[in-house]
Every structure is written in structure tokens, then in C-alpha cells.
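# Residue-level structural notes
The primary structure of each chain is shown beneath.
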Amino acid sequence: MSEILLIPGPVAVSEDVLAAAAAPMQNHRGPRARALYERLYERLREILQTRKRIVLLGSSGTGALEAIVVNLFSPGDKLLSLSVGSFGDRLAAIARAYGAEVESMSEQWGWGNDPQRLRDRLRADSAGVIKGILITHNETSTGVANDLEALMKAKGDHPALTVVDSVSGAGAVELRTDDWGIDALATASQKALAAPPGAAIVALSDRAWEAAEQAKMPRFYLDLLKARKAAEEGATPWTPPVPILTALERASDNYLKEGREAAHARHARYASAVRAGCMAAGLSLFAQPRWYSQTVTAVRVPAGVEAKALLSRLRERYGVVVGGGQQQVEGKIFRIGNMGALAERDLIGAMGALELALGDLGVRVALGSASAATARMLAGSDGSVRMATARAAV
Ligand SMILES: *Cc1c(COP(=O)(O)O)cnc(C)c1O
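One structure accompanies this document, and this report is about it.

For the rest of this paragraph, the subject is the pairing of strand S11 (residues 296-300). Across the 5 residues of S11, 4 count as buried, placing the element largely inside the fold. Two strands pair when backbone bridges link them, and S11 and strand S14 (residues 333-337) are joined in this way by 5 bridges, in the antiparallel orientation. Residue Val 299 lies in a different strand from S14, and its bridge partner there is Phe 334.

With that settled, consider the sheet that holds strand S5 (residues 130-136). One open sheet accounts for 7 strands, arranged S2-S10-S9-S8-S5-S3-S4; its pairing is mixed. For this open sheet the edge positions go to strand S2 (54-57) and strand S4 (101-104), each flanked by a neighbour on one side alone. Strand-to-strand twist in this sheet, taken as the mean axis angle between neighbours without regard to direction, amounts to 20 degrees. By the bridge criterion, 5 bridges tie strand S9 (residues 184-188) to strand S10 (residues 200-204) in an arrangement that is antiparallel. Across the sheet, residue Ala 188 finds its bridge partner in S10, namely Ala 200. With respect to the sheet, helix H2 (residues 31-48) is in contact with S2, S9 and S10, its orientation differing from that of S2 by roughly 110 degrees. The sheet strands contacting helix H6 (residues 148-155) are S5 and strand S8 (161-165), and the helix crosses S5 at an angle near 170 degrees.

Now for the site of the ligand. Taken together, Ser 60, Gly 61, Thr 62, Phe 87, Arg 90, Asn 138, Thr 140, Asp 165, Val 167, Ser 168, Gln 190 and Lys 191 make up the full set of residues near the ligand. Thr 62 places a polar side-chain atom, nitrogen or oxygen, 2.5 Å from an oxygen atom of the ligand. Within the side chain of Lys 191, an N or O atom sits 2.7 Å from an oxygen atom of the ligand. Protein chains bury 88% of the 380 Å² of accessible surface belonging to the ligand in isolation. Those elements that provide at least two residues to the shell around the ligand are helix H3 (61-72) and helix H4 (86-97). Broken down by class, the residue content of the shell around the ligand amounts to 2 nonpolar, 7 polar and 3 charged.

Rules behind the numbers
Residues numbered from 1 in each chain as written. Predicted model: local features only at pLDDT ≥ 70, side-chain atom pairs only at ≥ 80, totals over all residues. Heavy atoms only, no water. Buried < 20%, exposed > 50% of the residue type's maximum accessible area, 1.4 Å probe, protein only. Helix = DSSP H or I, 4+ residues; strand = E, 2+ residues; numbered from the N terminus. Pairing = 2+ DSSP bridges. Axes fitted to C-alpha atoms, helices over the stretch in contact; angles between N-to-C directions. Contact = heavy atoms within 4.5 Å. Near = heavy atom within 4 Å. Polar contact = N/O pair within 3.5 Å; in protein donor to acceptor, adjacent residues only side chain to side chain. Areas by Shrake-Rupley, 256 points an atom, 1.4 Å probe, with all protein chains shown as cover. Nonpolar A, V, L, I, M, F, W, Y, C, P; charged D, E, K, R; others polar.

Such coordinate-based values are descriptive only and should not be taken to indicate function.
Structural data, given as C-alpha cells:
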């Protein structure tokens, strides 16, 4: 039985994307590879809404975050971390590992960042001591989406460089990289872009590229100036994961055929369908409603149930794979992702499986409650299934 993969990355990948990854090997410096990189840059610029140079890295999303930190900053630089969960903590930890002085302006897990708090902190820094601001667009560990546009407005004209981890946001929600003034954006292939893991994407503003010329943190493999120089010559500095890039090209092609706005609407619709299903089953959600993520739903494990038992029951008996909680919420929540090549039937089926698995573990759930609520939400307020979106998502 094939599984329904509902973890928040790596996500389910469509068959044509998988087939693209299985193409014969090619010269990574040949004319075909050059054309592939060019098409990828063009498509990714459209998805990320930037006209700036994009750099592709052979790494997971963490590599993109590390690349940004070491290329923009110097040891001793003061960075402001707006962490709201474990991925925000990871970005702060990367900065500390390379000698940055990180000031934490974190929020309780389940909450997003308050733009006013950022505005006030930056106002108090009239000397411009803060060199960078580390922001998580979508915090995958807690199912929280930040209001990135409001945070960028709150940052205003403070000279700090803004670093945005949009690994689980880019492609799924509005992200106007250039218009919002984001200096460094990181994302990766295996989340909303619906390709296999292995390629990361960095987009830098002109200011960020200038900073990279001065920054003193050590770097070699992830040197973005080397990557830019190679990209200008239609190459990459080192051997890239070519099969992942051919798959990413196909995935981004599919994405743009669906359309950026339609893809955003699909993620919002799927996330609200998952939330409706969970709530109808009597489960409570971990994130505060004003910060619900459009790509991942964090659900509290009901009292008397062991998270591990629930996840393994779902996987082994029903073929539905969801994510567990990390760090301080380990054993307390589980997470349902809604990115990737998923159809309505996957979500409705997964919700039915969740009802059964909870029942197996002694939780009283009315059969059909969650799956019906999910189906109703997918059908929309007029009760009609929107077939155009359904097809595009398969
Ligand atoms: C998935 C993810 C990452 C990157 O994780 P990798 O395993 O390195 O790809 C970073 N930040 C967020 C918010 C993520 O969801």
C-alpha cells in the first residue's frame, strides 16, 4: 500500500517530477545544464517574486540558512533572532556557531512575532548596532505563520539586513521578496515547491550582495560570491545535485502552470480543511488562530494517548504518515503538512484514518466527523468541489 505522506517536508512528489529525477546523467557544465539552470532561475524568480540573482545550492534548507549567515555577517556582529520555534532556534544556533552575538526576541511557541515589538526594539537601536534580523516566515515546528509583510514594515529603514527562512512558506503563501525589501531569502526544494530534497535556493538583495563582499565569517563550500560568479557563467561552483534540479525544474513548471495565486489558494484551502477536520474530531490545535500556518497544522495529542503510539498506528495500520513534535513539544503535538502533490482524497482519507486510529487508542471520536468536516471545507461554502484546483494539485 502506498503511503499518504503528510509530513511538512519532504513532501509527496508527482510522478512526472519523479520521472524527471530519473533522467540519464548529463554533463553539469554542458550546454544542456546551462539551459536548465537558466530556466530554473527564471521560474524561481517568478515564484519568489524577485528580479535579483538567485543561487542554487546542493544542500537541504539548513545549508541555505548557513550560507546566508556566513556570507552576510562577521564574528561579533549583533543579530536579533525573532525565533518562534525550533527552526527559528536553529537559525540562531547557526549564527552563534559562527561567532555572532545573538539577541533573542523570541515568542512563546504557538504565537507569531509582534511587529510592534520589533519596531520598538529597532527604535531603541538608533546607533544601528543590530546588523541582522533573523525571521522565520512559517515556523514548521509549531504550525505558525508570521505576518512577514507587517514585520518587514516594522523593520522600516533600520539598516539591519533581514534574513528570512521561508523554507516552508515560499510557494505556499504570498511572498513579495523584492517589494517587501527582504535582503536574504532561503528556501528548499522539498516543501511547497514539491520536488525531492537536495537543492536549496537563496535570493539576496543588492545590499546583501554588498555585505557579502565585506563579511568575515569563514566559508568555502557555501561561498555565495563563488556561486554568483559561477552562475553568471551558466555554471555552479561545484557539482550540483543534477537529478534534483531536473525534478525541481519540472515541479516549478507544474507550479507555474497551476499559477502562483492558485497555488497559494490551494494551500490555504487544504490547511483550513485539515484544521476543520481536526477540530470536528474534538482535537485542539496548538497555534493561536491568528497565526495559523497555511502549510502545516500542529495538533495537540489528546489526553491519555501516547504520541508515538498514535503516529505508528496511523502509519502501520492506515498508511498515513504525519510528523511528530520536536524539542519542548515532543510527545505533546503531532503535525499534519499539506504541501506537495496531494489530492482532496488524500486529506479526506487521512482524516478518516485519524478517526480510526484515535478510536483504536481508546479516544471516542464519531466516525465520519473529521473526514466530513474536511470534505465540506474542501467543497467550499457553496458545496461544489472546485475541480480545476483539484486537478492541478494531483
Ligand atoms: C524544513 C525547514 C528547514 C530546513 O530543513 P532541512 O531539513 O535542512 O531542509 C528550515 N526551516 C524551516 C522553517 C523548515 O520548515
